[in-house]
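Spelled out, the chains give:
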Amino acid sequence: MSARVLVAGASGLSGGLAARLIWEHPELELTAVTSRSEAGKRLDEVHPRHHVPLELAELDLDGMEEVDAAIVAYPHGAAAPLVAELRGLGVVAVDLSADFRLRDLPSYERWYGPHGEPDLLEGVVYGLTELHRQEITSAELVANPGCYPTAALLALAPLAAAGLVGDVVISAASGVSGAGRGAFDFVDVAEGFGAYGTSGHRHYPEIVQGLAALGEHGAVSFTPHLLPIDQGLLASCFVTPTREVDPTELATLYEERYADERFVDVTRSPPNVRDVRETNRCHVHATLDTEGGRILAFAAIDNLWKGAAGQAVQNLNLMLGLDEGLGLR
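The following refers to the structure shown.

Some points on the overall build of the protein
Part 1 of the argument: Looking only at helices and strands, the protein features 10 helices and 13 strands.
Part 2 of the argument: The globule rule puts the C-alpha radius of gyration for 329 residues at 20 Å, and the 19 Å found for the protein is close to it.
Part 3 of the argument: Across its three principal directions, the C-alpha atoms of the protein cover 65 × 45 × 40 Å.
Part 4 of the argument: Within the span of the protein, comprising 329 residues, buried residues form 53% of the whole.
Part 5 of the argument: The long-range share in the protein, meaning contacts at least 24 apart out of those at least 6 apart in sequence, stands at 70%.
Part 6 of the argument: Surface exposure of the protein reaches about 14,000 Å², of which carbon and sulfur atoms provide 48%.
Part 7 of the argument: Here the protein contributes 23 positively and 46 negatively charged side chains, and the mean placements of these two sets differ by 4 Å.

Below you can see the structure in the form of structure tokens.
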């Protein structure tokens, strides 16, 4: 029997895509889609491109048919109480918000404010699938990573695991969908390109946490930029290595680390966001900057797929004992 899945917050960009991926999934059944703002509308009215002919409803877990799993696409702060309620009902959940990404409560409170359900933090698994696959297979609550940390950590993981990251500067750029539905008017971003969050971005502590889990504790600088495109994210990482590295060793590190990863491709040249659009793939590339003495590592993803809804489905597949690639491309 197919697992029954709720997508809460399906009127948003990530939630709408998650609903589509579950709707088309060969082993999952989309039983409910909810919205706090657009209840009563059909999802294919709100997101015509996804072709999901279900009506968005106000969330009412008591009046809803039983569900086995949920993807929660609420903003940070609003997600935690719902996740706690779902877990109380025995529903396994993937949370797309930031509410459970940071393991350290003081760090969370510094960047996001008071936490609604701190008691749940201990049992959460961080859902960067390629780095935490084994833990995810037995998890009941997964914190889906942010889009910038997903790209940055996949770009840097082979170097960090080898102890080669002395310090790193991460310059990353995302399409406007990363800010959520309706966040920008087209005229605000067309023909432009600029940095933001230069005094501190909420994905910074998540990146630092991920690198520390790989054994790295060097200085990290992170600056995000806004691209005048709808989807796509490129992370460019400038690494000061802890020792000299030759091109053969560098290539071997990446090829061996990602040889068996179906959604990570090591490319021969720096990746382009166009090549991963509408897929759950991540293209990574690393090369030596011989003049500057640095390693340059790049990763390109679709911020709504591998950076959000696609990775959520990848994680949910593992949590439910399914092939992690089902329903994805």
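Anyway, onward from the coordinates.
Thoughts on helix 4 (residues 105–112)
Part 1 of the argument: All of the buried residues along helix 4 are Ser107, Tyr108, Trp111 and Tyr112. With its buried residues spanning 100° around the axis, helix 4 presents them on a single face. Facing away from the buried surface of helix 4 by more than 90 degrees, the exposed residues are Pro106 and Arg110.
Part 2 of the argument: Tucked inside the fold, the buried residues of helix 4 contact helix 8 (204–213).

Overview of the pattern of salt bridges
For side chains of opposite charge, pairing can occur when their charged atoms come near one another.
Part 1 of the argument: Inspection of the entire model under this criterion finds 17 salt bridges.
Part 2 of the argument: Residue glutamate 324 is joined to arginine 133 by a salt bridge in which the shortest nitrogen-to-oxygen separation is 2.6 Å. Linking glutamate 324 in the segment after helix 10 (305–319) with arginine 133 in helix 5 (residues 129–137), this pair joins segments that are 191 residues apart in sequence.
Part 3 of the argument: Classification of glutamate 324 by relative accessible area gives buried; the value is 10%.
Part 4 of the argument: Judged by its relative accessible area of 22%, arginine 133 is partly exposed.

Focus on the pairing of strand 7 (residues 165–174)
Both faces of the sheet carry side chains from a regular strand, because those side chains alternate between them.
Part 1 of the argument: With nine bridges connecting them, strand 7 and strand 10 (residues 233–241) associate as antiparallel partners. The residue bridging serine 174 from the neighbouring strand is leucine 233, located in strand 10.
Part 2 of the argument: Pairing between strand 7 and strand 9 (residues 219–226): eight bridges, direction parallel. Bridging from a neighbouring strand, serine 174 pairs with leucine 226 of strand 9.

Focus on the packing of helix 6 (residues 147–161) against helix 9 (residues 247–258)
Part 1 of the argument: At their nearest, the axes of helix 6 and helix 9 sit 9 Å apart, and the two run at 115° to each other. Once helix 6 is placed against helix 9, the crossing between them reads as right-handed. On the side of helix 6, the interface is formed by Leu153, Leu154, Ala155, Leu156, Ala157, Pro158 and Leu159, while helix 9 contributes Leu250, Leu253, Tyr254, Arg257 and Tyr258.
Part 2 of the argument: In terms of residue class, the contact of helix 6 with helix 9 is made up of 11 nonpolar, no polar and one charged.

Here we look at the packing of aromatic side chains
Part 1 of the argument: A full pass over the atoms with the stated rule returns three aromatic pairs.
Part 2 of the argument: Summarising the aromatic geometry, the rings of tryptophan 111 and tyrosine 204 are spaced 6.3 Å apart at their centres and angled 45° between planes, so their arrangement reads as tilted. Of this pair, tryptophan 111 sits in helix 4 while tyrosine 204 sits in helix 8, placing them 93 residues apart in sequence.
Part 3 of the argument: With 5.3 Å between their ring centres and 65° between their planes, tyrosine 148 and phenylalanine 222 make a pair best called edge-to-face. Placement of the pair is tyrosine 148 in helix 6 and phenylalanine 222 in strand 9, with a sequence separation of 74 residues.

A word on the nonpolar core
Part 1 of the argument: If you look at the biggest cluster of nonpolar residues, it comprises 39 residues, and the most contacted ones within it are Leu156, Leu159, Val168, Ile170, Leu211 and Tyr254.
Part 2 of the argument: Of all the secondary-structure elements, those providing two or more residues to this core are helix 6, strand 7, helix 8, strand 9, strand 10, helix 9, strand 12 (282–289) and strand 13 (294–301).
Part 3 of the argument: Tallying contributions element by element places helix 6 first for this core, with 11 residues.
Part 4 of the argument: The residues contacting leucine 159, other than those within four sequence positions of it, are Leu164, Val165, Glu216, Val239, Leu250, Leu253, Tyr254, Ile295 and Ala297.
Part 5 of the argument: Membership of the second largest hydrophobic core comes to 35 residues, among which are Leu43, Leu96, Ile136 and Met319.

Some details on the environment of glycine 116
Part 1 of the argument: Assignment of secondary structure puts glycine 116 in the loop between helix 4 and strand 5 (125–126).
Part 2 of the argument: Looking at glycine 116, the relative accessible area reads 47%, which means it is partly exposed.
Part 3 of the argument: On a C-alpha basis, the gap between glycine 116 and glutamate 191 in space is 40 Å, while along the polypeptide they are 75 residues apart.

A few points about the pairing of strand 9
Part 1 of the argument: Direction of pairing for strand 8 (residues 194–195) relative to strand 9: antiparallel, over a ladder of two bridges. Note that in strand 9 the partner of alanine 195 across the bridge is histidine 225.

Parameters at a glance
- Residues numbered from 1 in each chain as written.
- Predicted model: local features only at pLDDT ≥ 70, side-chain atom pairs only at ≥ 80, totals over all residues.
- Heavy atoms only, no water.
- Helix = DSSP H or I, 4+ residues; strand = E, 2+ residues; numbered from the N terminus.
- Rg over C-alpha atoms; globule rule 2.2 N^0.38 Å.
- Buried < 20%, exposed > 50% of the residue type's maximum accessible area, 1.4 Å probe, protein only.
- Contact = heavy atoms within 4.5 Å.
- Areas by Shrake-Rupley, 256 points an atom, 1.4 Å probe, with all protein chains shown as cover.
- Lys, Arg positive; Asp, Glu negative; His and termini not counted.
- Charge placed at Lys NZ, Arg CZ, Asp CG, Glu CD.
- Arc of directions from axis to C-beta.
- Salt bridge = Lys/Arg side-chain N within 4 Å of Asp/Glu carboxyl O.
- Pairing = 2+ DSSP bridges.
- Axes fitted to C-alpha atoms, helices over the stretch in contact; angles between N-to-C directions.
- Left-handed = near helix turned anticlockwise from the far one by under 90°.
- Nonpolar A, V, L, I, M, F, W, Y, C, P; charged D, E, K, R; others polar.
- Phe/Tyr/Trp six-rings, centres within 6.5 Å; stacked < 30°, edge-to-face > 60°.
- Core = buried A, V, L, I, M, F, W, Y, C linked by side-chain atoms within 4.5 Å.

By themselves, these are just geometric observations and shouldn't be taken as functional.
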